[in-house]
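What follows is each chain in one-letter form.
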Amino acid sequence: ELLVALSRAAIAHGWHNTALGITTLITHAERRGMMDTEVVRALINARQLTRAEEAAYAIAHPSAHDWAMAEVAVGHARAGDQERATIIQETLRAPTTIAWAITELASDAAQQGQPHAIQAALQISQPTLRDRALAQVTQGLAEQQLMIEAFAATTSISNPEIRVRTLITIANINAEAAPVA
């Protein structure tokens, strides 16, 4: 716990290389992977994407490595480097990390009023993860007042509970946007 606390303190001060040095002393593989991933997030937030990618590649714990790489891919996409993001996304192995990255990027697109976000979310192969992605995309589209597209997207949500919650969310967004008479 001391090494985790020291690593987090280094992250908080922006001393990312120091934090990575401290994480090398953590012997528990999963905890080390978790802390390395926190450093990767901090590097992404500091817009040091190349360093974040290097740190993510170096993570030995398989699931932490995959999550960190997914976050780096999303970071590159949000910074406008779609080519690098795609290359990294193609290295992802776990269905959950692949779905997370697709969901984040599709949600971003929806919040920018881009209906193609629905097609991106539909790429997710696991039904529950796809339904959750579609719910997020639908909400983003509704917030941009693309109600027809948002309602149409709900028809692709297979889980009835998620579909109903999403329809309620869209209805609430629509009601809040409606002019008061």
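These figures come from a predicted structure and were not determined experimentally. (Residues numbered from 1 in each chain as written. Predicted model: local features only at pLDDT ≥ 70, side-chain atom pairs only at ≥ 80, totals over all residues. Heavy atoms only, no water.)

Draft legend 1. Main features of the environment of Gln145. Secondary-structure assignment places Gln145 in the loop between helix 9 (127-143) and helix 10 (147-154). Using a relative accessible area of 41% as the deciding quantity, one classes Gln145 as partly exposed. Along the backbone, Gln145 and Trp15 are 130 residues apart, and their C-alpha atoms lie at a distance of 42 Å. Aside from chain neighbours lying at most four places away, what touches Gln145 is Ile173, Asn174 and Ala177. (Helix = DSSP H or I, 4+ residues; strand = E, 2+ residues; numbered from the N terminus. Buried < 20%, exposed > 50% of the residue type's maximum accessible area, 1.4 Å probe, protein only. Contact = heavy atoms within 4.5 Å.)

Draft legend 2. Representation of the nonpolar core in the model. Counting 31 residues, the largest nonpolar core has Ile11, Val39, Val40, Ile44, Ala52, Ala56 and Val72 as its most contacted members. For this core, the leading source of residues is helix 5 (residues 62-78), giving 8 residues. Setting aside residues up to four positions removed in sequence, Ile44 forms contacts with Leu49, Ala52, Glu71, Val72 and Gly75. In terms of nonpolar packing, the next biggest core, distinct from the first, is built from 24 residues, Ala117, Met147, Ile157 and Ile162 among them. (Core = buried A, V, L, I, M, F, W, Y, C linked by side-chain atoms within 4.5 Å.)

Draft legend 3. Structural detail: unusual backbone geometry. In this model, Arg47 sits at a positive phi of 65°, which is unusual for a non-glycine residue. Mapped onto the elements, Arg47 comes out in the loop between helix 3 (29-45) and helix 4 (49-57). The residue Gln145 is not glycine, and still its phi comes out positive at about 65°.

Draft legend 4. Summary view of the pattern of salt bridges. Applying the stated criterion to the full structure yields 9 salt bridges. Residue Arg8 pairs with Glu38 through a salt bridge whose shortest N-O separation is 2.7 Å. Of the two residues, Arg8 is situated in helix 1 (residues 2-12) and Glu38 in helix 3; the sequence distance between them amounts to 30 residues. The exposure class of Arg8 is partly exposed, given its relative accessible area of 39%. (Salt bridge = Lys/Arg side-chain N within 4 Å of Asp/Glu carboxyl O.)

Draft legend 5. How the structure looks around the packing of helix 10 against helix 11 (residues 160-177). At a minimum axis separation of 10 Å, helix 10 and helix 11 run at an interaxial angle of 170°. By the angle between their directions, the pair helix 10 and helix 11 is classed as roughly antiparallel. The segment helix 10 lies against helix 11, with Met147, Ala150, Phe151 and Thr154 engaging Arg163, Thr166, Leu167, Ile170, Ile173 and Asn174. Considering only residue class, the contact of helix 10 with helix 11 consists of 6 nonpolar, 3 polar and 1 charged. (Axes fitted to C-alpha atoms, helices over the stretch in contact; angles between N-to-C directions. Parallel < 35°, antiparallel > 145°, perpendicular 65-115°, else oblique. Nonpolar A, V, L, I, M, F, W, Y, C, P; charged D, E, K, R; others polar.)

Draft legend 6. Here's a closer look at the side chain of Thr166. Along the chain, Thr166 falls in helix 11. For Thr166, a relative accessible area of 5% gives the class buried. In this structure, Thr166 is in contact with Ala135, Thr138, Thr154 and Ile157, ignoring residues within four places of it in sequence.

Don't take any of this as a statement about function, it's just geometry.
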